[in-house]
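Observations on the three-dimensional arrangement
Chain by chain, the residues:
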Amino acid sequence: MNGFVTLTLWYLDRASALVLFPALWLTVLTGIFFTARGFGLIHRLSRRIHIELAVFGIGMMAVHAIVGTVDAWLVVDGSAPAPNYPLSLFLAGVGVGAVSLVVLVLATLGFLEPRRFDNPGAVHALAYGGFAFGIIHAVAIGSDMTGLLGQLVVGSVVFVILALALKLLEGTSLVNPTG
């Protein structure tokens, strides 16, 4: 395949990933605060933008999945240069990305057809799982997950974990003494 086309696909793959990660991160974060009334303004903002962010994230995920699949196929086929790390790690990263895609598609289907799950928490559990697999995928396959970008990913994941912990504590007397 033409080197320009291969390079363009690689850039589209990376660009879609770099837009997808913050979109999914914000979707998870606003989802955490969606029902957390004790967080005031953050709760109200989350209720206004959570679903729109989720739809945008799913759209970006579709773009990344399609372009990334073509890009990965070109690497395996030998038409595109192999990454600067072992091909086995690359293939494992592609596999984890596929798992993330399947889990997030299941979460989306559960949202679109609420009868699919009796408990809406199942949709969010799938979404959290898809996000976790997406993080593993990014770290395993992302050739630029070093330096500042790697630190931003780690910091953002820690922030989401802390927000989730705060939400879980919100109903306890430790965070909400009147609750």
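Located above this text is the structure these notes cover.
Residues numbered from 1 in each chain as written. Predicted model: local features only at pLDDT ≥ 70, side-chain atom pairs only at ≥ 80, totals over all residues. Heavy atoms only, no water.

Considerations on the packing of helix H2 (residues 41-77) against helix H3 (residues 87-112)
What counts is decided by this rule: The axes used here are C-alpha line fits, helices contributing only the stretch in contact, and every angle between their N-to-C directions lies in the interval 0 to 180 degrees. Secondary structure elements follow DSSP: runs of H or I no shorter than four residues count as helices, runs of E no shorter than two count as strands, and numbering proceeds from the N terminus. Should an angle fall under 35 degrees it is called roughly parallel, over 145 degrees roughly antiparallel, and 65 to 115 degrees roughly perpendicular, with every other angle called oblique. For a crossing to be left-handed, the near helix must be turned anticlockwise from the far one by less than a right angle; the clockwise case is right-handed. Between two residues, a contact is recorded if the distance between any of their heavy atoms is within 4.5 Å. Following the grouping adopted for this structure description, the nonpolar residues are Ala, Val, Leu, Ile, Met, Phe, Trp, Tyr, Cys and Pro, the charged ones are Asp, Glu, Lys and Arg, and the polar ones are all others, Gly among them.
The contact between H2 and H3 brings their axes to 11 Å, and the two run at 150 degrees. One finds that H2 runs roughly antiparallel with respect to H3. Note on packing geometry: the crossing formed by H2 with H3 is left-handed. Between H2 and H3, the residues in contact are Ile 51, Ile 58, Met 61, Ala 65, Ala 72, Val 75 and Val 76 and Leu 87, Phe 90, Leu 91, Val 94, Leu 101, Leu 104, Val 105, Thr 108 and Phe 111, respectively. By residue class, the composition of the contact of H2 with H3 is 15 nonpolar, 1 polar and no charged.

Here we look at the nonpolar core
Defined as follows: Put simply, buried Ala, Val, Leu, Ile, Met, Phe, Trp, Tyr and Cys residues joined by side-chain atoms within 4.5 Å make one nonpolar core. Relative accessibility under 20% of the residue-type maximum defines a buried residue, over 50% an exposed one, and the middle range a partly exposed one, all with a 1.4 Å probe and only protein chains included.
In this structure, Phe 21, Trp 25, Leu 29, Ile 32, Phe 33, Phe 131 and Val 160 are the most contacted members of the largest nonpolar core, which totals 18 residues. Mapped onto this core, the elements with two or more residues apiece are helix H1 (3-33), H2, helix H4 (120-141) and helix H5 (147-170). What Phe 131 contacts, discounting residues up to four positions off in sequence, is Phe 21, Leu 24, Trp 25, Val 28 and Leu 104. Core analysis: the second largest hydrophobic core is formed by 9 residues, Leu 9, Val 67, Ala 80 and Tyr 85 among them.

Focus: the side chain of Asp 71
Its location among the elements puts Asp 71 in helix H2. Here Asp 71 is in contact with Trp 10 and Asp 13, once residues within four sequence places are set aside.

Some thoughts on the environment of Val 94
Examined against the element boundaries, Val 94 turns out to sit in helix H3. A relative accessible area of 30% places Val 94 in the partly exposed class. Val 94 sits 29 residues away from Ala 65 along the chain, and the two C-alpha atoms are 9.9 Å apart. With sequence-adjacent residues up to four places away left out, Val 94 is seen in contact with Ala 72, His 137 and Ile 141.

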